[in-house]
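Take a look at the letters that make up each chain.
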Amino acid sequence: MQFRNHRLKNGLEIVAECNDQAHSLAVGFFVRTGARDENDSITGVSHFLEHMAFKGTPLRSADDVNRAFDEMGAHHNAFTSEESTVYFAAILPEMQPASVELLADLMRPSLRKEDFDTEKEVIIEEIRMYEDQPPYRADDILKARYFKEHPLSRSVLGTVASIQGLSVGQMQDYFADRYGPDNIFVAAAGRVDFDRLIEQVTGLCDHWPAVHARRETPPAPAHRGFESIHRASSSQQYILQMAAAPASADKDRFAAKLVATILGDDSGSRMYWDLVDSGIAEQASLGHSEYQGAGLFYAWSCCAPDRANSVLASIHAIYQAAEESGITQQELAQAKSKVKARVVLGSERPRNRLFSVGGNWLSCREYRSVADDLQDIENVTLDEVHELLAKYPLSINTTLTIGPSRDIRPVPSTAQIA
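For every chain, the first residue of the written sequence is number 1, and numbering continues from 1 along that sequence. Local features are withheld for residues below a pLDDT of 70 in this predicted model, meaning they are given only at 70 or higher, and side-chain atom pairs are given and counted only at 80 or more; totals for whole chains, interfaces and linings count all residues. Note: side-chain values were computed over all heavy atoms of the structure, leaving out hydrogens and water.

K.L.:
Help me understand the packing of helix α1 (residues 45-53) against helix α4 (residues 113-131) in this model?
P.N.:
For any two helices packed against each other, the geometry is given by the interaxial angle and the distance between the axes. Running from N to C, α1 and α4 cross one another at 125°; their axes reach a closest spacing of 10 Å. Put simply, α1 runs oblique to α4. For the pair α1 and α4, the sense of crossing is right-handed. Across the interface between the two elements, His47, Phe48, His51 and Met52 from α1 touch Asp115, Phe116, Glu119, Lys120, Ile123 and Glu126 from α4. Gly falls in the polar group here, along with every residue not listed as nonpolar (Ala, Val, Leu, Ile, Met, Phe, Trp, Tyr, Cys, Pro) or charged (Asp, Glu, Lys, Arg). Split by residue class, the contact of α1 with α4 holds four nonpolar, two polar and four charged. A fitted line through C-alpha atoms serves as each axis, taken over the contacting stretch for helices, and the angle formed by two N-to-C directions is quoted from 0 to 180°. Helix numbers and strand numbers start at the N terminus; a helix is a DSSP run of H or I with at least 4 residues, a strand a run of E with at least 2. Each angle receives one of four descriptions, namely roughly parallel if under 35 degrees, roughly antiparallel if over 145, roughly perpendicular if within 65 to 115, and oblique otherwise. The crossing is said to be left-handed when, going from far helix to near helix, the turn is anticlockwise and less than a right angle, and right-handed when the turn is clockwise. The contact criterion used is simple: two residues touch if any of their non-hydrogen atoms lie within 4.5 Å.

K.L.:
What is the right way to read the packing of aromatic side chains from this model?
P.N.:
Pairs of aromatic rings are described using the distance from one ring centre to the other and the angle between the two planes. Any two of the Phe, Tyr and Trp rings considered here, Trp counted by its six-membered ring, make a pair once their centres fall within 6.5 Å; the pair's planes then place it as stacked at under 30 degrees, edge-to-face at over 60, or tilted in between. Going through the model one piece at a time under the given rule, you end up with 12 aromatic pairs. Pairing Phe48 with Phe116 gives two aromatic rings, centres 4.8 Å apart and planes at 10°, and the pair type is stacked. Of the two residues, Phe48 is situated in helix α1 and Phe116 in helix α4; the sequence distance between them amounts to 68 residues. Considered together, Phe48 and Phe116 belong to a single accessibility category, that of buried residues. Each residue is assigned to one of three classes by its accessible area relative to the maximum for its type, calculated with a 1.4 Å probe on protein chains only: buried under 20%, partly exposed between the two thresholds, exposed over 50%.

K.L.:
Sorry if this is basic, but what is going on with unusual backbone geometry here?
P.N.:
Trans is the prevailing form of peptide bonds, just as negative phi is the prevailing case for residues other than glycine. In this model, Leu111 sits at a positive phi of 55°, which is unusual for a non-glycine residue. The topology assignment puts Leu111 in the loop between α3 (96-106) and α4.

K.L.:
Please clarify how helix α11 (residues 308-325) should be interpreted in this entry.
P.N.:
Helical geometry: 3.6 residues make up each α-helical turn, so side chains three or four residues apart lie on a common side. With 18 residues, α11 should cover 26 Å at 1.5 Å per step; its first-to-last C-alpha distance of 25 Å lies within 8% of that length. Within α11 the residues assigned to the buried category are Ala308, Val311, Leu312, Ser314, Ile315, His316, Ile318, Tyr319 and Ala322. Among the residues trailing α11, Gly326 stands out with phi positive, at a value near 75°. For a helix, the expected span equals 1.5 Å multiplied by the number of residues minus one.

K.L.:
What should I look at first to understand the environment of His23 in this one?
P.N.:
Tracing the chain through its elements places His23 in the loop between β2 (13-18) and β3 (25-31). With near-sequence residues (within four places) excluded, His23 lies in contact with Leu92 and Pro93.

K.L.:
Got a minute to help me understand the sheet that holds strand β7 (residues 225-230) in this structure?
P.N.:
Strands in a sheet are paired, the pairing made by backbone hydrogen bonds, and the direction either parallel or antiparallel. In space, the five strands of this open sheet follow the order β7-β11-β8-β10-β9, with mixed pairing throughout. In this open sheet, the two edge strands, each paired with only one partner strand, are β7 and β9 (283-291). Mean inter-strand twist for the sheet, computed between neighbouring axes without regard to direction, equals 15°. Pairing between strands requires that DSSP locate at least two bridges from one strand to the other. Pairing of strand β8 (residues 237-245) with strand β10 (residues 294-303) involves nine bridges; the strand directions are antiparallel.

K.L.:
Looking at this structure, I do not really get the sheet that holds strand β5 (residues 85-91). What am I missing?
P.N.:
Spatially, the six strands line up as an open sheet ordered β1-β2-β6-β3-β5-β4, and their pairing is mixed. Looking at which strands have only one partner, the edges of the open sheet turn out to be β1 (2-7) and β4 (75-80). Put simply, the sheet's adjacent strands are angled 15° from each other on average, direction ignored. Contacts between α3 and the sheet are confined to β3 and β5, with β3 contributing the most and set at about 15° to the helix.

K.L.:
Would you take a moment to explain the pairing of β1 for this structure?
P.N.:
Sheet analysis places β1 next to β2, joined by six bridges and oriented antiparallel. The partner of Asn5 across the bridge, within β2, is Val15.

K.L.:
Help me understand the side chain of Thr80, please; the structure alone is not making it clear to me.
P.N.:
Here Thr80 shows up in strand β4. The class of Thr80 is buried, set by a relative accessible area of 13%. Residues adjacent in sequence count toward polar contacts only when both atoms are side-chain atoms; beyond that, a polar contact is any pair of N or O atoms within 3.5 Å, and within protein one must be able to donate a hydrogen and the other to accept it. Separated by 2.6 Å, the side chains of Thr80 and Glu50 make a polar contact. Residues in contact with Thr80, not counting those within four places in the same chain, are Ser46, His47, Glu50, Thr85 and Val156.

K.L.:
How should I be thinking about the pattern of salt bridges in this particular structure?
P.N.:
Pairs can form between side chains of opposite charge once their charged atoms are near each other. Any Lys or Arg side-chain nitrogen located within 4 Å of an Asp or Glu carboxyl oxygen qualifies as a salt bridge. Under the criterion given, the structure shown has 30 salt bridges. With a shortest N-O distance of 2.7 Å, Asp140 and Arg137 are connected by a salt bridge. Note that Asp140 and Arg137 are positioned in helix α5 (residues 134-147) at a spacing of three residues, about one turn of the helix. For the pair shown, Asp140 and Arg137 are each scored as buried. Between Asp407 and Arg409 there is a salt bridge, and its shortest N-O distance comes to 3.3 Å. What makes Asp407 partly exposed here is its relative accessible area of 48%. Exposure remark for Arg409: the relative accessible area of 46% places this residue in the partly exposed category. Here the salt bridges share partners, and the residues they tie into one network are Arg7, Glu13, Arg32 and Arg365.

K.L.:
What is the right way to look at the pairing of β9 in this model?
P.N.:
For a regular strand, side chains alternate in direction, first toward one face of the sheet and then toward the other. Of the strand pairs in this sheet, β9 and β10 are connected by nine bridges, and their pairing is antiparallel. The residue bridging Gly287 from the neighbouring strand is Tyr298, located in β10. Between the end of β9 and the start of β10, which pair antiparallel, lie two residues, with Gly293 showing a positive phi angle near 85°.

Below is the structure:
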């Protein structure tokens, strides 16, 4: 396993984890742009632009793009998040040149008005589809309540109103501002011919003009909030919570992932035994999400409407017990085994390593090997976990519940906001 990187004259970087023992590779163009880089008048444009990249380029029609991926046997896709838009393909080694050429072409889409108008309706229908599914759209509602004026409050999909009001000119301006070589990098993992990759990306991308894109990464202070949305058509009550947690560059993010595993893993955690195994809730989990400058503990549960108050009280009791009494050495050891197993098992696919290598480079311009992650997980001490729980109390959170019940009450908390 070897990490290599190279920077073109125009600022575009190429990073790769090269593994001569792999039988495949994955390659992707990572654009440092997402929902947090938008403003209220163009909310959802990053995701919309991702769709438009597949509608055709000056060299290819939409059918040509799909046919080319299919002919090379690629597992390809794209996604947009709060912080990035990623276009990728997992392929056999001999298809590296063809996939890189095709992905590079997608980075210069035509953005034709007729395609824009057609795809706008597709995006609006996608938003409406999620609005009909409470656990999905509730995530956007809660993010807006939790982050408030913070850039991370924006929905990746946008809203029906923001997409309806978006013009092709606004998208073209956004593309010109964000899709430059100093805001894009190429990442690869697996059986990569790195010298060939440098040669090809240089030929395809070296003429792209720089854009000098900027991003604000303010912290997101902890605060309390509670909202209950009545939705008579739901058969279950959904309970979502967000609390402050370490950001992507914070060393204590590894302790946060272990805490989330101990308290809210989908098997063997405190939430699992107290809520799911006991039959009080159908699902209950806790995860850690990290962003530049901010992080989140995110809890999600669903239950019968008449049990919602009991579930809220049980979750709060789990948080309070962890904050006041801590966790055990045995729980920490078990969580380390679980997290390390996920890291190792995930690393056996080049596509997963692509997202790890690319994600770390996007957040911190840092390469982390599997061994690095395993060591940092193993090094977390019980004292560090308890310090994390004191610094980021889960009992200070913003709660949203949505469902048929009209009688949901917040649980009082004595924890203090630092």
